[in-house]
Amino acid sequence: MLGFSFLKSASEPFARRLPNAPPEATNNWSLYDSFLDLCEAHRWKMADVRKEIEAIDPTTLTARDHKIVDCIAEVAVVEGNAPSIITNQLALMLYDAEYATWATYQVGEEAKHFHVVRHYCRHVGHPMASEHTESKLAERQKGYDPSDFQDEYACILINIFGEILNLHLYQVLANNTDEPVLKSLLFRIARDERRHLQWFCAYFKKRVAEDPAYADRALVSLKQILKLGEAPVRG
């Protein structure tokens, strides 16, 4: 029978056992359920988006639009790393049931952002469209690295910082876009990123409420992320 004898210590990938709600607890899946309802209430369909994109006349894009497409075409390559991102997160968080379940949903939305930009770039004839193919996506994957997110605290903090950056980026780009479909797409993506940020913040608060020392351990992890104990490298 297949068992878990290969999990020798909690420090190994996919071995860390994290807190889960007891079976009788009323808060089983409560955070996941509430945010899944929120996300699904605002979910946009790729089939609808493709129709919107297909109706665009590429000649109507302004010089400013072209600069914005240059930017999101590059960002899409990062979003396309979603398979590596979820693998490396779950190396730490697999046995936190609520986190793992949310992460698979959230990373799926990040991958969706890659694909909507892929469709847009291809339709308007952007040269980066050639970098959005299946083979290029596979080639650019960061790959499996169980140390990628450092520890269970850094995993949350890195996601919070990343979602803040993504939210700000897409909002700024949307506000400076002239082409109506692209503007709408960027605002939709920004709203996705805001909901992701809200979930990670709510998860952090949940863990602190359950264990006040969680915040102290997270602060130690944050200092490691920022390398505050290391001398600055200049030049």
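What this report covers is the structure whose coordinates are included nearby. Source: prediction; values computed, not measured.

Here is what the cut-offs are and how they apply
- Residues numbered from 1 in each chain as written.
- Predicted model: local features only at pLDDT ≥ 70, side-chain atom pairs only at ≥ 80, totals over all residues.
- Heavy atoms only, no water.
- Helix = DSSP H or I, 4+ residues; strand = E, 2+ residues; numbered from the N terminus.
- Buried < 20%, exposed > 50% of the residue type's maximum accessible area, 1.4 Å probe, protein only.
- Areas by Shrake-Rupley, 256 points an atom, 1.4 Å probe, with all protein chains shown as cover.
- Lys, Arg positive; Asp, Glu negative; His and termini not counted.
- Charge placed at Lys NZ, Arg CZ, Asp CG, Glu CD.
- 1 Å grid on protein atoms, 1.4 Å probe; cavity = no way out; pocket = protein on both sides within 12 Å on 5 of 7 lines; lining within 4 Å.
- Points joined across faces, edges and corners; volume = space filled by probe spheres on them.
- Nonpolar A, V, L, I, M, F, W, Y, C, P; charged D, E, K, R; others polar.
- Salt bridge = Lys/Arg side-chain N within 4 Å of Asp/Glu carboxyl O.
- Contact = heavy atoms within 4.5 Å.

Right, let's get into the overall build of the protein chain. When its secondary structure is counted, the protein chain shows 9 helices and 0 strands. Reading the protein chain from its N end, one meets helices and strands in the order α-α-α-α-α-α-α-α-α. When the backbone C-alpha atoms are referred to their principal axes, the protein chain occupies close to 60 × 50 × 40 Å. In the protein chain, which comprises 235 residues, the share counted as buried stands at 41%. For the protein chain, the exposed surface amounts to about 12,900 Å²; the carbon and sulfur share of it is 59%. Taken together, the 27 basic and 33 acidic charged side chains of the protein chain have centroids lying 1 Å from each other.

In this section: the layout of surface pockets. Considering only enclosed or pocket space, the largest pocket measures out at about 510 Å³ in volume. Lining the largest pocket are 22 residues, and of these Val78, Ile85, Phe149, Gly162 and Asn166 lie nearest its centre. Contributions of two or more residues to the lining of the largest pocket are made by helix H3 (63-79), helix H4 (82-93), helix H5 (97-124) and helix H7 (152-175). Top contributing element to the lining of the largest pocket by residue count: H7, with 8 residues. Its volume calculated, the second largest pocket comes out at about 170 Å³. Lining the second largest pocket are 13 residues, with Pro19, Asn20, Ala21, Glu98 and Lys206 sitting closest to its centre. Of all the elements in the fold, those that place two or more residues in the lining of the second largest pocket are H5 and helix H8 (180-210). It is H8 that contributes the most residues to the lining of the second largest pocket, 3 residues altogether. Its residues placed into classes, the lining of the second largest pocket shows 5 nonpolar, 3 polar and 5 charged.

Next up on the list: the side chain of glutamate 163. With respect to the element layout, glutamate 163 can be found in helix H7. With no salt bridge to any partner, buried glutamate 163 finds its closest opposite charge in arginine 195, at an N-O distance of 10 Å. Setting aside residues up to four positions removed in sequence, glutamate 163 forms contacts with Gln106, Glu110, Glu193, His196, Leu197 and Phe200.

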